[in-house]
Amino acid sequence: AQSVAQPEDQVNVAEGNPLTVKCTYSVSGNPYLFWYVQYPNRGLQFLLKYITGDNLVKGSYGFEAEFNKSQTSFHLKKPSALVSDSALYFCAVRVGSSNFGNEKLTFGTGTRLTIIP
Amino acid sequence: GAGVSQSPSNKVTEKGKDVELRCDPISGHTALYWYRQSLGQGLEFLIYFQGNSAPDKSGLPSDRFSAERTGGSVSTLTIQRTQQEDSAVYLCASSPDWNYNEQFFGPGTRLTVL
């Protein structure tokens, strides 16, 4: 079984400050990890992913995430928050495998990020 | 290019009625996924298609739920005898193939069962 935990339902950050949205995961085998963002009345948009290689991955809109295998974490970060970053953020995991049958993504419950002007 | 589209965007129905939700994936994408997003919860996997076959139906919550995909393109999710607990946003996603890591999501269909 695979699971994702996003321990914070809500994160508030002042504009210009660094932000972190936390994610921990559980999966049997190597993880493929993802962050998606959902703006109001819109579908999910892909931000970034970790498959293999460097633990620090960079994605869209200046976001980055660090894969930490020992802590089974994949926290989302940004050095300087913008008001436009306010949205709902989802972390997701799947089993990392080239074998057919491991494609299902398991999502966390989401973290609502509010950037305060 | 065109993204994943879903119709209708909103659907209000009465308890006990059947509903059909449609998903048009990105042209050429062979993998298609259905998820459900309930208020205050994350996304719940429902079913996955590769081409016209559904190798993973493990997330369908009951036998009232079914889905099909024809011509390797459009997919329809059908809910029979709807219940109030079926109220949610139903999201569809597609990928170029089964092992392509990024899924592209549609805007969703908001289903309300009265």
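Up top is the structure these notes are about.
Residues numbered from 1 in each chain as written. Chains lettered and ligands numbered in written order. Predicted model: local features only at pLDDT ≥ 70, side-chain atom pairs only at ≥ 80, totals over all residues. Heavy atoms only, no water.

A. Just the overall build of chain B, in detail. Along its length, chain B carries zero helices and eleven strands. Tracing chain B from N to C terminus, the helices and strands come up as β-β-β-β-β-β-β-β-β-β-β. In summary, chain B has a C-alpha radius of gyration of 13 Å against a globular reference of 13 Å for 114 residues, a match within 12%. Across the 114 residues that make up chain B, the buried fraction comes to 49%. Within chain B, contacts between residues separated by at least 24 positions form 54% of all contacts whose residues are at least 6 apart in sequence. The average position of the 10 basic charges and that of the 12 acidic charges among the side chains of chain B differ by 6 Å. (Helix = DSSP H or I, 4+ residues; strand = E, 2+ residues; numbered from the N terminus. Rg over C-alpha atoms; globule rule 2.2 N^0.38 Å. Buried < 20%, exposed > 50% of the residue type's maximum accessible area, 1.4 Å probe, protein only. Contact = heavy atoms within 4.5 Å. Lys, Arg positive; Asp, Glu negative; His and termini not counted. Charge placed at Lys NZ, Arg CZ, Asp CG, Glu CD.)

B. Spotlight on the sheet that holds strand β1 (residues 5-7) of chain B. Residue and element names in this part refer to chain B. Ordered in space as β1-β3-β8-β7, the four strands form an open sheet in which the pairing is antiparallel. Bordering the open sheet on either side are β1 and β7 (65-69), each of which pairs with just one other strand. Put simply, the sheet's adjacent strands are angled 15° from each other on average, direction ignored. In this structure, β7 lies alongside strand β8 (residues 75-79), joined through five bridges in antiparallel fashion. When the sheet's bridge partners are listed, Ala67 is paired in β8 with Leu77. (Pairing = 2+ DSSP bridges. Axes fitted to C-alpha atoms, helices over the stretch in contact; angles between N-to-C directions.)

C. Spatial organisation of the interface of chain B and chain A. Taken together, the contact pairs 21 residues of chain B with 23 residues of chain A. Taken over both partners, the interface formed by chain B and chain A buries close to 1800 Å², and the fraction arising from carbon and sulfur atoms is 58%. If you look at where chain B meets chain A, you find zero salt bridges. For the interface between chain B and chain A, the tally reads two residue pairs in polar contact (both at pLDDT 80 or more). Counting residues per element, the ones that place at least two in the side of chain B that touches chain A are β4 (31-37), β5 (43-50) and β6 (53-56) of chain B. Residues that form the side of chain B that touches chain A fall into these classes: ten nonpolar, nine polar and two charged. (Buried area = accessible area lost by both parts, 1.4 Å probe. Salt bridge = Lys/Arg side-chain N within 4 Å of Asp/Glu carboxyl O. Polar contact = N/O pair within 3.5 Å; in protein donor to acceptor, adjacent residues only side chain to side chain. Nonpolar A, V, L, I, M, F, W, Y, C, P; charged D, E, K, R; others polar.)

D. Representation of the pairing of β5(B) within the structure. Within β5(B), seven of the eight residues are buried, which leaves it mostly tucked inside the rest of the structure. Linking β5(B) back to β6(B) in an antiparallel pair, the connection comprises two residues, with Gly51(B) at a positive phi of about 65°.

E. Structural detail: the pattern of salt bridges. Residues and elements named next belong to chain B. Evaluated as defined, the whole model comprises six salt bridges over all chains. Between Glu44 and Arg36 there is a salt bridge; the shortest N-O distance is 3.0 Å. Note on Glu44: relative accessible area 30%, which makes it partly exposed.

F. Seen up close, the state of the cysteines. Counted according to the given criterion, the structure contains two disulfides over all chains. Each disulfide pairs two cysteine sulfurs, and for Cys23(A) the partner residue is Cys91(A), the sulfurs being separated by 2.0 Å. On the sign convention where negative is left-handed, the bridge of Cys23(A) and Cys91(A), at about -65° about the S-S bond, is left-handed. Remark: Cys91(A) occurs in strand β10 (residues 87-95) and Cys23(A) occurs in the loop between β3 (19-21) and β4 (24-26); sequence separation between them is 68 residues. Here Cys23(A) falls in the buried class, since its relative accessible area comes to 0%. Note that Cys23(B) is cross-linked by a disulfide to Cys92(B), the S-S spacing being 1.9 Å. The disulfide joining Cys23(B) to Cys92(B) has a torsion of about -65° about its S-S bond and is therefore left-handed. Placement of Cys23(B) in strand β3 (residues 19-24) and of Cys92(B) in strand β9 (residues 88-95) is noted, with a sequence separation of 69 residues between them. (Disulfide = S-S within 2.5 Å.)

G. Representation of the layout of surface pockets in the model. There is about 700 Å³ of room inside the largest pocket. Residue lining of the largest pocket: 28 residues in total, with Gln38(A), Leu88(A), Gln37(B), Val89(B) and Arg110(B) positioned closest to the centre. Counting only elements with at least two residues in the lining of the largest pocket, the list comes to β10 of chain A together with β9 and β11 (109-113) of chain B. A total of four residues in the lining of the largest pocket trace back to one element, the largest contributor, which is β11(B). Taken together, the residues of the lining of the largest pocket sort by class into ten nonpolar, 14 polar and four charged. (1 Å grid on protein atoms, 1.4 Å probe; cavity = no way out; pocket = protein on both sides within 12 Å on 5 of 7 lines; lining within 4 Å. Points joined across faces, edges and corners; volume = space filled by probe spheres on them.)

Keep in mind these values describe shape, not function.
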